[in-house]
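# Fold and contact review
Each chain, letter by letter, is given below.
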Amino acid sequence: MGDIINGKILAEDFKQKIKAQIDEAVSKGYRVPCLATIVVGNDGGSIYYANNQKKLCDKLGLKNRSIFLEETIDEKDLILLIKELNEDNTVDGIMLQVPLPKNLNEEEITNLISPYKDVDGLTDFNNGKFYKGKKAFVPCTPRSVMHLIKSTGMDISGKNAVVIGRSNIVGKPVTQLLLNENATVTVCHSRTKDLKSVCKNADILVVAMGKPKFIDDSYIKEGAVVIDVGTSSVDGKICGDVDFDKVINIASHLTPVPGGVGSVTTTLLIKNTCEAWEKNVY
Ligand code: NAP
């Protein structure tokens, strides 16, 4: 039986440091950091993440401006809102929950976020710097994935890593971060032939498909580290892409859902907000 990678415990270390940093700044008379979270429409995942951000901001002493907008909002009004938040000196980070409703131009709108407030690394500016190996805001979910893998003590260099999913917010940046650590990376997607045999060769398997319990033990190499990014809503509950009860018997380490990737992701978003705030207030 493998070990469960507990994202909640791993996030705790970051949280304590963030809280101490804010408490110290406040005692010196600085304003607290502020994260603005924008949700457009009724996407269950987006509302879930936004509520988690608010809870964590409250807990750690940040301000959170949660802005919930109707799916029917005029694109011009959303653009205006982002421009106002960009110019507002009391807002340090802007988190626009994606996907946006289909009637809005997601690519154009995300790129309006100031790169200095783009705490989830959505803009082309930050993406370009990241893929060139320069300092930038990197999407928080892929960073969380790397943190969870490293927490197992595994030396990533030279390992076979398989990433299922090639989205811009998860699959591609995870692939780049694994490459940065000298893993040999294979990226799989819906057209991949014989997914099972590719996965069976993985020392590290990162699953970001959005298909509840798709990956069972027949996909897993014995002793692999398995990171489940999936968060589908099934019967009102959040469910991962990995069949936890089967895979835990063969993997050396596995993340649960919830309590795995997502726990660290939100904390890293707050950490990025604090980094943006430091540049604004000091
Ligand atoms: P996405 O944009 O829908 O991408 C899904 C990827 O999975 C695509 O590349 C798709 O291939 C691939 N895929 C789908 N079915 C497949 C199959 N049968 N075999 C192989 N590959 C398949 O999703 P995403 O935004 O990357 O998110 C993935 C999951 O992670 C979702 O459940 C999402 O809710 C979750 N998520 C969690 C966090 C967190 O912090 N925990 C953050 C973000 C996302 P094609 O490219 O060929 O279509």
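Read on for a plain summary of the structure. (Residues numbered from 1 in each chain as written. Predicted model: local features only at pLDDT ≥ 70, side-chain atom pairs only at ≥ 80, totals over all residues. Heavy atoms only, no water.)

### Thoughts on the site of the ligand
Residues in close proximity to the ligand total 22 residues, the closest being R166, S167, H189, S190 and T231. One nitrogen or oxygen atom from the side chain of T141 is found 3.2 Å from an oxygen atom belonging to the ligand. A distance of 3.3 Å separates a nitrogen atom of the ligand from a polar backbone atom of H189. Among the elements that line the shell around the ligand, the one with the most residues is helix α10 (residues 261–281), at three residues. For the shell around the ligand, the per-class residue count stands at ten nonpolar, ten polar and two charged. (Near = heavy atom within 4 Å. Polar contact = N/O pair within 3.5 Å; in protein donor to acceptor, adjacent residues only side chain to side chain. Helix = DSSP H or I, 4+ residues; strand = E, 2+ residues; numbered from the N terminus. Nonpolar A, V, L, I, M, F, W, Y, C, P; charged D, E, K, R; others polar.)

### Here's the deal with the packing of helix α1 (residues 7–27) against helix α2 (residues 44–60)
Contact pair α1 / α2: the axes reach a minimum separation of 9 Å and the direction vectors enclose 50°. Comparing their axes, α2 and α1 come out oblique. Each of E12, K15, I18, K19 and I22 in α1 lies in contact with α2, whose residues at this interface are L56, K59 and L60. Considering only residue class, the contact of α1 with α2 consists of four nonpolar, no polar and four charged. (Axes fitted to C-alpha atoms, helices over the stretch in contact; angles between N-to-C directions. Parallel < 35°, antiparallel > 145°, perpendicular 65-115°, else oblique. Contact = heavy atoms within 4.5 Å.)

### Description of the sheet that holds strand β2 (residues 34–40)
The strand order β3-β2-β4 describes an open sheet built from three strands, whose pairing is parallel. Two strands in the sheet have a free side with no partner beyond their single neighbour: β3 (63–69) and β4 (93–96). The sheet shows a mean angle of 15° between the axes of neighbouring strands, direction not considered. Bridging between β2 and β3 involves seven bridges; their strand directions are parallel. Paired with T37 across the bridge in β3 is S66. Sheet contacts for α10: β2 and β4; angle to β2, the most-contacted strand, approximately 130°. (Pairing = 2+ DSSP bridges.)

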